Amino acid sequence: MSHPRFQDDIIYQIYPRSFKDSDGDGIGDIPGIIAKLPYLKKLGITAIWLSPVFASPMEDMGYDIADYYHIDPLFGSDEDMDELIEKAKKNGIRIIMDMVLNHTSKEHEWFKQAAKDKNSPYRDFYIWRETPNDIGATFGGSAWEYNKATDDYYFHLYAPGQPDLNWDYPPMREALYQACDYWLEKGVYGFRLDVIENIGKEVDRHIIQNGPHLHERLHELNRRTFGKYDGIAIGECWCADHDTRLLYTDPAREELSMVFLFNDWCAFHDREFGKWKCRPFNPKEYRDIIYQRQYSDPAKAWDTLFWNNHDLPRALNRYADLRYRDQAAKMMFASTLFLRGTPFIYQGDELGMVNGRFASVKDFRDIEALNHYQILQDKGMSEAEAKLSLDQTARDNARIPMRWNERKGYGFTSGQPWVDGGKDPGHSVAEEEKDPDSVLHFYRSAIALWKDGRLRDLIRDGAFAPDYLEREEWIAYSRILGGKKLRVIANFSNHVYPLPTIDGPVLLHNYQDESPDFRPYEIYVFLNE
Ligand code: NOJ
């Protein structure tokens, strides 16, 4: 059966600032990534999603693009990017760029022109009103910022330095399509599309996500850019749900390859404080959401399988008892790896990395965290509670440097890392290489199994059937195709259960020894033929 190539991809997300620094300025860069391509090849991934490396004032760490055509000098040169695309390709790895098409930086030339002159050809590239309404910005405060030169307000859903683009204006859309094509022509595989569900917004009607023109715009974006190149497009969609996601992924609609959904993650958010405070994890609630996705019409749905990214604190801290850290890290990866969809690994997942440790509020770097430290106190938290909230939920937790070794600078930099996060003995690439039972070695074996030609069709196309539903702390399911059954049985808890029947060759297991018990966070993957 023919299938789109992204269905055989296993994608690694790099947050460039924190991956590998080659020049000692404490900030990761593209030459650093090039140096680590052999490591990524050995891990077995087929593509890299690179968080933004474009020229930017870095108010939101690069998600504020000032020039879609050039690399920020912090990360290297335009030639370095060309070299990365080429060398990655030689290693069997394709590059997916992170395109922020909902907004630019206020330092973008388009905005600078638009903000100083009402008659500028770029004026309608952005959203202007003489009187602001009450829409709030995600990072705090109003979504409208006053612009003195033109005596009116521009709309920004994120920081004031991130003015939203006006997708109602065709010349603006054309300009973005040209920028996308520029990179596709250079050989990038496609894009991760930042907050793309917002591009149909109608601010006067208070509609942000899922606006009336959203899907026609995605179709146009597909036809005009990545669709022509058979490229991949992964949409970040915080508000899509089980049903609306099919509007994005149904191939007949020619929109996106797949979307990141977050309803599993948001299910544990607090009613009052939202993502800044969470209630305890419950494996059954989590499982119900991800299983439901698997029941969708396979002709229309294709999932993203991920635990972490640069916007979330580490799922290991949130979902697992860290006394069983390594077992839980392995179990979590393998428990969803064999579902129908494209797996994503966020840098450091393969080491079982956990949240950073930040001694003081001053150690956080993210604009959102720093703003919210005050907002949370205004909403009634004490200083200590607000600090605890950042410790548990801030995005900086996942942005701490990749641990290459345990020396000063973590093998990440010879200088002072831009954000720290403290030591974490035993969880660096150098240490884990030496230990055959490490999370890193488990990831390599799991990925090799996932890619194994004998199982590929089964994992990609097999029917999904849940098992052991009465065990509310387990993730257990079968994938079935042509008389073969791949079975996954995972204990997503720190409790001991009687061992289920393992009636077939074991392909993956996260404990070194056998036991008559089903131990905390234990997982078996085996084959019934
Ligand atoms: C989503 C990105 O992942 C996040 O890091 C960023 O702050 C917002 N979009 C705004 O671009």
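Residues numbered from 1 in each chain as written. Predicted model: local features only at pLDDT ≥ 70, side-chain atom pairs only at ≥ 80, totals over all residues. Heavy atoms only, no water.

Asker: Would you take a moment to explain the site of the ligand for this structure?
Answerer: Every one of the 14 residues lining the ligand counts as a neighbour, but Asp-60, Asp-194, His-310, Asp-311 and Arg-395 are closest to it. In this structure, Arg-192 approaches the ligand through a side-chain N or O atom, which is 3.0 Å from an oxygen atom. A distance of 2.4 Å separates an oxygen atom of the ligand from a polar side-chain atom of Asp-311. Calculation on the ligand without its partners gives an accessible area of 290 Å², and the protein chains cover 98% of this total. Grouping the amino acids of the shell around the ligand by side-chain chemistry returns 4 nonpolar, 3 polar and 7 charged. (Near = heavy atom within 4 Å. Polar contact = N/O pair within 3.5 Å; in protein donor to acceptor, adjacent residues only side chain to side chain. Areas by Shrake-Rupley, 256 points an atom, 1.4 Å probe, with all protein chains shown as cover. Nonpolar A, V, L, I, M, F, W, Y, C, P; charged D, E, K, R; others polar.)

Asker: Just checking my understanding: could you explain the sheet that holds strand S22 (residues 523-528) for this structure?
Answerer: Two strands in a sheet stick together by hydrogen bonds in their backbones, pointing the same way (parallel) or opposite ways (antiparallel). Sheet architecture is open: 5 strands sit in the order S16-S17-S18-S22-S20, paired in antiparallel fashion. Taken across any chain shown, the strands that pair with only one partner, and hence form the sheet edges, are strand S16 (463-466) and strand S20 (506-509). When the angles between neighbouring strand axes are averaged without regard to direction, this sheet yields 15°. In the sheet, strand S18 (residues 484-491) pairs with S22 via 6 bridges, with the strands oriented antiparallel. By the bridge assignment, Ile-489 is partnered in S22 with Tyr-524. Across the face of the sheet, helix H16 (residues 453-461) comes into contact with S16, strand S17 (474-481), S18, S20 and S22 while running at roughly 115° to S17. (Pairing = 2+ DSSP bridges. Helix = DSSP H or I, 4+ residues; strand = E, 2+ residues; numbered from the N terminus. Axes fitted to C-alpha atoms, helices over the stretch in contact; angles between N-to-C directions. Contact = heavy atoms within 4.5 Å.)

Asker: Help me out: how do you make sense of the packing of helix H15 (residues 439-451) against H16 in this one?
Answerer: Geometrically, a packed helix pair is captured by the angle between its two axes and the distance between the axes. Running from N to C, H15 and H16 cross one another at 80°; their axes reach a closest spacing of 6 Å. In terms of their interaxial angle, H15 and H16 are classed as roughly perpendicular. Here H15 contributes Leu-449, Trp-450 and Lys-451 to the contact with H16, which in turn contributes Gly-453, Leu-455, Arg-456 and Ile-459. By residue class, the composition of the contact of H15 with H16 is 4 nonpolar, 1 polar and 2 charged. (Parallel < 35°, antiparallel > 145°, perpendicular 65-115°, else oblique.)

Asker: Help me understand the side chain of Thr-413 in this model?
Answerer: Secondary-structure assignment places Thr-413 in the loop between helix H13 (383-393) and helix H14 (429-434). Among the polar contacts listed, one links the side chain of Thr-413 to the backbone nitrogen of Gly-26, at a separation of 3.5 Å. Of note is the side chain of Thr-413, whose polar atom sits 2.9 Å from the backbone nitrogen of Gly-415. Each residue touching Thr-413, except ones within four places of it in the same chain, is listed here: Asp-21, Gly-24, Asp-25, Gly-26 and Lys-408.

Asker: Can you help me understand the environment of Asp-420 in this one?
Answerer: You can see Asp-420 is positioned in the loop between H13 and H14. Each C-alpha atom of the pair Asp-420 and Leu-221 lies 39 Å from the other, and the pair is 199 residues apart in sequence. Side-chain polar atoms of Asp-420 contact the side chain of Tyr-410, separated by 2.4 Å. A distance of 3.1 Å separates a polar atom in the side chain of Asp-420 from the backbone nitrogen of Gly-422.

Asker: I would appreciate a short explanation of the pairing of strand S5 (residues 94-99) in the present structure.
Answerer: Put simply, side chains in a regular strand alternate between the two faces of the sheet. Most of S5 is tucked away, with 5 of its 6 residues classed as buried. The pairing of strand S2 (residues 47-50) with S5 spans 4 bridges and is parallel. The residue of S5 that forms the bridge with Ile-48 is Ile-95. Relative to strand S9 (residues 190-193), S5 runs parallel, the two sharing 4 bridges. What sits directly across from Met-97, in S9, is Phe-191. (Buried < 20%, exposed > 50% of the residue type's maximum accessible area, 1.4 Å probe, protein only.)

In short, geometric facts, not functional conclusions.
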